[in-house]
Amino acid sequence: MTQTPAVSATEAVAPVVLEMVRLIAPRKPDVAEPDHRLIGDLGFHSLVLAELGYNLEDLYGLRSLTPEEAMKLERVRDVIDFVGTEVAAGRAQLPAEDEVTLLFGRYGLDESAA
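Computed from a predicted model, the values in this text were never measured in an experiment.

Enquirer: Please clarify how the overall build of the protein should be interpreted in this entry.
Expert: Secondary structure assignment for the protein yields five helices and zero strands. The linear arrangement of helices and strands in the protein, starting from the amino end, is α-α-α-α-α. For the protein, with 114 residues in total, the buried portion stands at 37%. Split by element, the accessible area of the protein, about 6,800 Å² in all, is 55% carbon and sulfur.

Enquirer: Would you take a moment to explain the pattern of salt bridges for this structure?
Expert: It is possible for side chains bearing opposite charge to pair when their charged atoms get close. Scanning the entire structure with this criterion turns up six salt bridges. For R37, the salt bridge goes to D41, with nearest N and O atoms at 2.8 Å. Take R37: its relative accessible area is 37%, and that puts it in the partly exposed class. A salt bridge links E86 to R91; the shortest N-O distance between them is 2.9 Å. Each of R63, E69, E86 and R91 takes part in a single network of salt bridges with overlapping partners.

Enquirer: How should the nonpolar core be read in this particular structure?
Expert: The tendency in soluble globular proteins is for nonpolar side chains to be buried as a group. Grouped together as the largest cluster of nonpolar side chains are 33 residues, with contacts concentrated most on V17, V21, F44, L56, Y60, V76 and V83. Elements with a minimum of two residues in this core: α1 (5-24), α2 (46-60), α4 (76-88) and α5 (97-105). Element by element, the count of residues in this core is highest for α1, at ten residues. In contact with Y60, not counting residues within four places along its chain, are V13, V16, V83, V87, A92, Q93, L94 and P95.

Enquirer: What exactly am I supposed to notice about α5 here?
Expert: Burial in α5 covers these residues: V100, L103 and F104. Buried residues of α5, viewed axially, fall in a sector of 95°; they line one side. Looking at α5, the residues exposed on the side facing more than 90 degrees away from the buried face are D98 and L102.

Enquirer: Just to check I follow, could you spell out the side chain of H36 for this structure?
Expert: Residue position: H36 is located in the loop between α1 and α2. Among the polar contacts listed, one links the side chain of H36 to the backbone nitrogen of E33, at a separation of 2.9 Å. Non-local contacts of H36, meaning those with residues more than four positions away in its chain, are made with P29, V31, D41, L42, E74, R75 and V76.

Enquirer: How do you make sense of the side chain of E19 when you look at a structure like this?
Expert: Examined against the element boundaries, E19 turns out to sit in helix α1. Among residues more than four places away in sequence, those in contact with E19 are F104 and L109.

Conventions and cut-offs
Residues numbered from 1 in each chain as written. Predicted model: local features only at pLDDT ≥ 70, side-chain atom pairs only at ≥ 80, totals over all residues. Heavy atoms only, no water. Helix = DSSP H or I, 4+ residues; strand = E, 2+ residues; numbered from the N terminus. Buried < 20%, exposed > 50% of the residue type's maximum accessible area, 1.4 Å probe, protein only. Areas by Shrake-Rupley, 256 points an atom, 1.4 Å probe, with all protein chains shown as cover. Salt bridge = Lys/Arg side-chain N within 4 Å of Asp/Glu carboxyl O. Core = buried A, V, L, I, M, F, W, Y, C linked by side-chain atoms within 4.5 Å. Contact = heavy atoms within 4.5 Å. Arc of directions from axis to C-beta. Polar contact = N/O pair within 3.5 Å; in protein donor to acceptor, adjacent residues only side chain to side chain.

In structure tokens:
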């Protein structure tokens, strides 16, 4: 079965988004799951949502979301799908591994754990 660009991009994006969510979530899960609700399950609030957005914008070269778009990102899966779609459409790019390592390092996650 041939994968579409959006599926491939989403698969490449998912581990990074899941780990970023886990690192910055106010309610620290052992593992972030795609079905976790950002606000309800993980305790995200406006400042943490902004931090997640800024990190992903920098890492993937994403455009800023409109408030309407941001309101639709309720679950971790929604964030993964959004970033994956932007990458697949050529409006964002996958980061180099060292960029991901550097970003995770800011949160105290060393390279060997990533």
